[in-house]
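For reference, the chains in residue letters:
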Protein chains: 2
Amino acid sequence: MEQTIRKNTVKKKRLGAQPAASTVTEVAKRAGVSVSTVSRILNGTARVSDDKRRSVERAIEDLNFKPNVLAQSLKSGQSMTIGVITQAVESPFFNELLKGIEEGLQGSGYASLMASGHWNSQSEIERIRLLIARRVDGIILLTGNLNNEQILDLASQTPIVAVGHTAHSDNAASIFIDSRMGGYLATKHLISLGHRRIAHIQGPQEQHDASNRLHGYKMALEEAGIAFDEDLLAQGDFIEPGGLMAMNRLLDKGVSFSAVFCANDQTAYGARLALYRRGIRVPEDMSLIGFDDLPMSSYTTPPLTTIRQPVYEVGQTAAKRLLRLIRGEGAESVNLNVELVIRESTRRLG
Amino acid sequence: MEQTIRKNTVKKKRLGAQPAASTVTEVAKRAGVSVSTVSRILNGTARVSDDKRRSVERAIEDLNFKPNVLAQSLKSGQSMTIGVITQAVESPFFNELLKGIEEGLQGSGYASLMASGHWNSQSEIERIRLLIARRVDGIILLTGNLNNEQILDLASQTPIVAVGHTAHSDNAASIFIDSRMGGYLATKHLISLGHRRIAHIQGPQEQHDASNRLHGYKMALEEAGIAFDEDLLAQGDFIEPGGLMAMNRLLDKGVSFSAVFCANDQTAYGARLALYRRGIRVPEDMSLIGFDDLPMSSYTTPPLTTIRQPVYEVGQTAAKRLLRLIRGEGAESVNLNVELVIRESTRRLG
DNA sequence: AAACGTAATGAAAACGTTTTCAAACACAGC
DNA sequence: GCTGTGTTTGAAAACGTTTTCATTACGTTT
């Protein structure tokens, strides 16, 4: 894999190349004023005579002085940094959230420190502790396996906005998305198209979102008077390979069904491939519906019918609320609705 | 969209909930020793008698003391943070890189600050300056539109590892991927399958990767004695919508062709949809090849033949090299090779 | 001319660490 | 009992800011 290698000369003194960063003291000296005066000019925190201002400004220019944020943070107790706990950096779902957060933080002066929890509550807590140790001013928690008690406990140390949770206190706000309703809507859509034998590929059982979607699926069946059939349930893992294998298992079982509700879009992509491999056409022979409305779902063949979560907006909202929490303005928790988007992977039976 | 809202009581004193973080001074006081002793125990930097050690450890336990990283950073001049400049958080390509970086940073004690350049050299420089102002210990630059001179200039202020560039100095290393070779391999593959009329949907012209891939395409054509035909070139934008529209334009032109080399996988996804819409089958009627080998490309219908870049490994390598650069150990620049992965979207003509 | 208010400025303390330096102490050897 | 050696320890300085407090200078009022 390696083609060409150019080797650097090893440097002994690592700071050799960098021009030593200048300090407020040097600026003061060069301008012939006290450090207090420099600071006042920097922050506009008091008036200072025009001639001093000018000479200080020149000194700043000359030395290319930039205040040391670390020192400012130490003094002020604010790091101007927030922590973000994601579960899987490589997942399109989380990235859409991150994009929203970035946008929500725009122009606030805050930067974000990223860490992955990998769907593991132990590792989540560990990462959060790490972020707190770094003195982040607040944390955005993107789903995960923590329970409300744990979240509120952590929130006693730093403000938290938790996406996909319902924890709520003075120092914690949540943004909850109604997965159960989503599962219900997805299944109901299939039923309304005349399907009666509807399979479900579920997500990891320990995740709330997964069990809520399953619950919604059952609700819709029950409402339509269709008995829940254990044989039509297959276990997925929220990513493509699981969807592929689950669909294969379903097909191999020999039970008949005409539609599948997949716990998320990535699962549906996997299931789609399994069908393609067997020459089962979508939507002619089998209807397929996902959950999330990832950007890619508009571009699958055929484009995927799915349940849309306002992912981007959620990220944005989370960031905004965290800023409010940090400013001590309190924040509301909010439940967001989910919406059916009909594309071309579902079709009337018959 | 908003369903339920619970409002927080507005807090006046924002720190109300947090137990005031304890300091090394308090620990010292409680343990009846000096702060120096506490520090020594914390860092194992000198021996201290067993009884003092025990009482200090108890005090730390009692007060739940965690050293303030900000203060440590100020003292040491190391923020234990690196900056990462990505171009688009929401892109699967960049996320694969980020995943690699996260993995490469594992256990190093470094955390990463994220910022997006949005393919805009001005905004890239601005973000980098911001990161430098925050005293990051180094920066990983993921592609982008900066030229080598600009990169080397920035590298005089902080160590930089630049992915997709060739800048190299004592304080900068690059990881370069041979896009031209990739374009060549992709086109050659199509030629070897008997295709002669091969279209290309190119990426944004100002990006090196895009023009290199185009260059490789032309090289392969020339080698095979096929004249380059301007009519078979269409402009894309590295994302799906551009691929869709470009393919439509190509088709509408009425020129005939049997294969398309797309500048990246996302472009291929878009092109695929355009073909689907017109009932043109892949690969029976049209061969399609992409570039990147995104995770999704194994799951499209049909799975996409593409040029694989070792994206994840690149991220990992970038992180590792940056750590070396930071430690002043120097670092090598490296060119990585690219590889053809044949799936089911290309087929022998005839 | 004395008294006073106001505006501009600087010295010093503070944020929470780490590290240098010197002092205190213990113990052995003479 | 004195010197020397080595180990533990604490005081204080330093990192680069911001902010409090006191001082100076100046113009105004009586």
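Being a predicted model, the structure only gives us computed values, none of them experimental. (Residues numbered from 1 in each chain as written. Chains lettered and ligands numbered in written order. Predicted model: local features only at pLDDT ≥ 70, side-chain atom pairs only at ≥ 80, totals over all residues. Heavy atoms only, no water.)

### Section: the interface of chain B and chain A
Taken residue by residue, the interface counts 92 residues in chain B and 92 residues in chain A. For the pair chain B and chain A, the summed buried area comes to about 7900 Å², and 52% of that belongs to carbon and sulfur atoms. The interface formed by chain B and chain A contains 3 salt bridges. The interface formed by chain B and chain A includes 13 residue pairs in polar contact (both at pLDDT 80 or more). In terms of residue class, the side of chain B that touches chain A is made up of 38 nonpolar, 31 polar and 23 charged. Relative to strand β3 (residues 111-116) of chain B, strand β3 (residues 111-116) of chain A runs antiparallel, the two sharing 3 bridges. Its bridge partner lying in β3 of chain B, S112 of chain A is registered against M114 of chain B. (Contact = heavy atoms within 4.5 Å. Buried area = accessible area lost by both parts, 1.4 Å probe. Salt bridge = Lys/Arg side-chain N within 4 Å of Asp/Glu carboxyl O. Polar contact = N/O pair within 3.5 Å; in protein donor to acceptor, adjacent residues only side chain to side chain. Nonpolar A, V, L, I, M, F, W, Y, C, P; charged D, E, K, R; others polar. Pairing = 2+ DSSP bridges. Helix = DSSP H or I, 4+ residues; strand = E, 2+ residues; numbered from the N terminus.)

### Description of helix α9 (residues 208-223) of chain A
Residues and elements named next belong to chain A. Counted at 1.5 Å a residue, the expected span for α9 with its 16 residues is 22 Å, and the 22 Å between its end C-alpha atoms agrees. Within the span of α9, buried status applies to D209, A210, R213, L214, G216, Y217, A220 and L221. All buried residues of α9 lie within an arc of 155 degrees about the axis, which places them on one face of the element. Exposed side of α9, more than 90 degrees from the buried face: E222 and E223 are the residues found there. Against the buried residues of α9 lie α8 (179-192), β7 (198-202), β8 (233-235) and β9 (259-262). (Expected span 1.5 Å × (residues − 1). Buried < 20%, exposed > 50% of the residue type's maximum accessible area, 1.4 Å probe, protein only. Arc of directions from axis to C-beta.)

### Section: the protein's contact with DNA strand D
In the vicinity of DNA strand D, 25 residues are found, and the nearest of them are V24 of chain A together with T37, R40, R47 and S49 of chain B. Counting only atoms of DNA strand D within 4 Å of the protein, the sugar-phosphate share comes to 59%. N68 of chain A places a polar main-chain atom, nitrogen or oxygen, 3.2 Å from a phosphate oxygen of DNA strand D. Here a base nitrogen of DNA strand D sits 3.0 Å away from a polar atom, N or O, in the side chain of S36 of chain B. Breaking the surface near DNA strand D down by element, the ones donating at least two residues are α2 (35-43) and α4 (69-76) of chain A together with α2 (35-43) and α4 (69-76) of chain B. (Near = heavy atom within 4 Å.)

### Considering the sheet that holds strand β8 (residues 233-235) of chain B
All names here are of chain B. If you walk across this open sheet you meet the 4 strands as β8-β7-β9-β10, and the pairing is parallel. Two strands in the sheet have a free side with no partner beyond their single neighbour: β8 and β10 (287-289). Here the average twist between neighbouring strands, direction ignored, is 20 degrees. In terms of strand pairing, strand β7 (residues 198-202) meets strand β9 (residues 259-262) through 4 bridges, oriented parallel. The partner of I198 across the bridge, within β9, is A259. Sheet contacts for helix α9 (residues 208-223): β7, β8 and β9; angle to β7, the most-contacted strand, approximately 170 degrees. (Axes fitted to C-alpha atoms, helices over the stretch in contact; angles between N-to-C directions.)

### What to know about the protein's contact with DNA strand C
T37, R40, S49 and K52 of chain A together with V24 of chain B are the nearest of the 24 residues found near DNA strand C. A share of 59% of the atoms of DNA strand C within 4 Å of the protein falls on sugar and phosphate groups. Taking Q72 of chain B, its side chain carries an N or O atom lying 3.0 Å from a phosphate oxygen of DNA strand C. In the model, a base oxygen of DNA strand C is placed 3.2 Å from a nitrogen or oxygen of the K75 of chain B side chain. Contributing elements (two or more residues each) for the surface near DNA strand C: α2 and α4 of chain A together with α2 and α4 of chain B. The biggest single contributor to the surface near DNA strand C is α2 of chain B, with 4 residues. Tallied by class, the residues present in the surface near DNA strand C amount to 7 nonpolar, 10 polar and 7 charged.

### Structural notes on the relation of the copies chain B and chain A
You can overlay chain B on chain A at an RMSD of 0.1 Å; the transform is a turn of 180 degrees with a shift of 0.0 Å along its axis. Here the copies are linked by what is in effect a two-fold axis. Across chain B, the rotation axis passes nearest the C-alpha of L113 of chain B, at a separation of 2.5 Å. (Least-squares fit on C-alpha atoms with pLDDT ≥ 70 in both.)

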